[in-house]
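Read off the chains here:
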Amino acid sequence: DDQIERERASQHLAGGCCALAAIYLMGKFYVANAGDSRAIIIRNGEIIPMSREFTPETERQRLQFLALLRPELLGKEFTHLEFPRRVQPKELGKKMLYRDQNMHGWAYKKIEENDLKFPLVFGEGKKARMMATIGVTRGLGDHDLKVFSSNIHIKPFLSCFPEVRVYDLTQYEHCPDDVLVLGTDGLWDVTNDEEVAGVVMEVLTSYEPNDPCRYTMVAQELVVRSRGVLKERGWRLANDKLGSGDDISVFVIPLGGPGNYT
């Protein structure tokens, strides 16, 4: 992240990206995630999450705590408190549900002038945005990203530090159908864990266990199914729902060799 900041002028790159890395070391997989890409292990049909998405919703308390400690980062335009909906001026003096950096549940508070500011975290699900700008809260770069029509920088709230999960390969017997799947948010936006596992098993069973191209074909099928087919109304999935409009990158890594197959 520091290198991107140093080189952004010479390379003329002002954007940012998420990062998902898997490292195999001495019998263990280390999966590090900074962003909204995800990884799962599929072992004997069981789904084992190896990461979680970092979004304004999942990191609400971290963001609110930073805003509480450094209110100057909000530029007098945002409030670190969260409300079920945008507070209206006519609701001054009335009570509304809210939550702060210490709360998982909700409580009532009397609406004050400060509460009329735009919330730091606004929206739900994939529509959730931090400072009405960005839908991911960890990643690399974006050092120059600002709130629209303002001088408020987003970067202080974006963390480049990943969450790392460890999987010990020596604890289990793995067959060639056991895999680690890594995918960008373009995959997970439209395809859930169970659907990914279904595609994995469907494609793998159509190839011999010692055929190395079977894993590439799984990755290709996951990309194709998540993108869908281009129709008059845009990219559509088999169920006619909207396909992924984001970039889709998928890796499928086998956890067991042909010798482990039973």
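Per chain, residue numbering runs from 1 following the sequence as it is written. Where totals are concerned, whole chains, interfaces and linings use all residues; where local detail is concerned, this predicted model gives features only for residues with pLDDT of at least 70, and gives and counts side-chain atom pairs only at 80 or more. As a convention, hydrogens and water are excluded, and side-chain values are obtained from all of the structure's heavy atoms.

In this section: the sheet that holds strand β17 (residues 250-254). Strand pairing is assigned whenever DSSP detects at least two bridges linking the two strands. Helical segments are the DSSP runs of H or I of at least four residues, strand segments are the runs of E of at least two, and each set is numbered from the N terminus. If you trace the four strands from one edge of the open sheet to the other, you get β5-β4-β14-β17, paired in antiparallel fashion. Each having just a single partner strand, β5 (46-49) and β17 make up the two edges of the open sheet. The mean angle between the axes of side-by-side strands here comes to 20°, regardless of whether they run parallel or antiparallel. With five bridges connecting them, strand β14 (residues 179-183) and β17 associate as antiparallel partners. By the bridge assignment, V181 is partnered in β17 with V252. Contacts: residue pairs with any heavy atoms within 4.5 Å of one another. The convention used is that axes are lines fitted to C-alpha atoms, helices contributing only their stretch in contact, and that angles between N-to-C directions extend from 0 to 180 degrees. The sheet contacts of helix α4 (residues 193-204) involve β4 (38-43), β5 and β14, and relative to β4 the element is tilted by about 50°. Contacts from helix α5 (residues 213-227) reach β14 and β17 within the one sheet, and its direction differs from that of β17 by about 150°.

Turning our eyes to something else, we now look at the nonpolar core. Side chains of nonpolar character tend, in soluble globular proteins, to be buried together. If you look at the biggest cluster of nonpolar residues, it comprises 19 residues, and the most contacted ones within it are V181, V196, L222 and V252. Those elements that place two or more of their residues in this core are β4, β14, α3 (185-188), α4, α5 and β17. Ranked by the residues each element gives to this core, the list is headed by α4, at six residues. With residues up to four places along the chain from it excluded, the contact list for V196 reads I40, I42, V181, L187, W188, T191 and L222. Note on terminology: a nonpolar core comprises buried Ala, Val, Leu, Ile, Met, Phe, Trp, Tyr and Cys residues joined through side-chain atoms within 4.5 Å. Relative accessibility decides the category of a residue: with a 1.4 Å probe and only protein chains considered, values under 20% of the type maximum give buried, values over 50% give exposed, and everything between is partly exposed.

The next subject is the domain arrangement of the chain. Marked domain ranges trace back to an automatic or database domain assignment. Partitioning the chain into domains gives domain 1 (1-52 + 162-254) and domain 2 (59-141). The centre of domain 1, based on its C-alpha atoms, is set 32 Å off from the matching centre of domain 2. Tallying the contact residues gives 14 residues for domain 1 and six residues for domain 2. Buried area between domain 1 and domain 2, both sides added, is near 810 Å², and the carbon and sulfur share of it is 57%. Identification of polar contacts relies on pairs of N or O atoms within 3.5 Å, with a donor-acceptor requirement for protein atoms, meaning one able to donate a hydrogen and the other able to accept it, and with residues adjacent in sequence counted only if both atoms are side-chain atoms. Taken together, the links from domain 1 to domain 2 amount to two residue pairs in polar contact (both at pLDDT 80 or more). Think of it as three bins: nonpolar holds Ala, Val, Leu, Ile, Met, Phe, Trp, Tyr, Cys and Pro, charged holds Asp, Glu, Lys and Arg, and polar takes everything else, Gly as well. A breakdown of the residues in the side of domain 1 that touches domain 2 according to their chemical character gives six nonpolar, three polar and five charged. Here the quantity called buried area is the accessible surface, traced with a 1.4 Å probe, that two parts lose on coming together, added over both.

Here we come to the packing of aromatic side chains. Centres within 6.5 Å make a pair out of two Phe, Tyr or Trp rings, where for Trp the six-membered ring is used; the pair is then stacked when the planes are under 30 degrees apart, edge-to-face when over 60, and tilted otherwise. Counting across every chain of the model gives four aromatic pairs. Consider the rings of Y24 and F29, whose centres lie 5.7 Å apart with planes at 65°: the pair is edge-to-face. Y24 gets classed as exposed once you look at its relative accessible area, which sits at 52%. With centroids separated by 5.9 Å and ring planes inclined at 10°, the aromatic side chains of Y167 and Y172 adopt a geometry described as stacked. Residue classification places Y172 among the partly exposed positions, given a relative accessible area of 40%. One aromatic cluster in this structure is built from F78, F118 and F122.

Here we come to helix α2 (residues 60-69). Within the span of α2, buried status applies to R60, L63, Q64 and A67. Angularly, the buried residues of α2 cover 95° about the axis, an arc narrow enough to put them on a single face. Where the residues of α2 are buried, they touch β10 (121-122) and β11 (129-130). Throughout, the arc means the angular range of directions from the helix axis out to the C-beta atoms.

Another aspect to go through is the sheet that holds strand β3 (residues 28-34). Overall, antiparallel pairing links the three strands, which are arranged β2-β3-β13 in an open sheet. At either end of the open sheet lies a strand with only one pairing partner, and these are β2 (19-25) and β13 (163-168). Each strand axis lies, on average, 15° off the axis of its neighbour in the sheet, ignoring direction. Across six bridges, β3 lies against β13 in antiparallel orientation. In the strand pairing of β13, V31 is matched with R165.

Here four bridges tie β4 to β5, and the two strands are oriented antiparallel to one another. By the bridge assignment, I42 is partnered in β5 with I47. Here β4 hands over to β5 after two residues, with N44 in that stretch at a positive phi of 55°.

Among the secondary structure elements, P162 is positioned in the loop between β12 (140-141) and β13. Judged by its relative accessible area of 39%, P162 falls in the partly exposed class. Once the C-alpha coordinates of P162 and A21 are considered, the two residues, 141 residues apart in sequence, prove to be 9.4 Å apart. In this view, P162 contacts A32, N33, A34 and R138; residues no more than four positions away in its chain are not counted.

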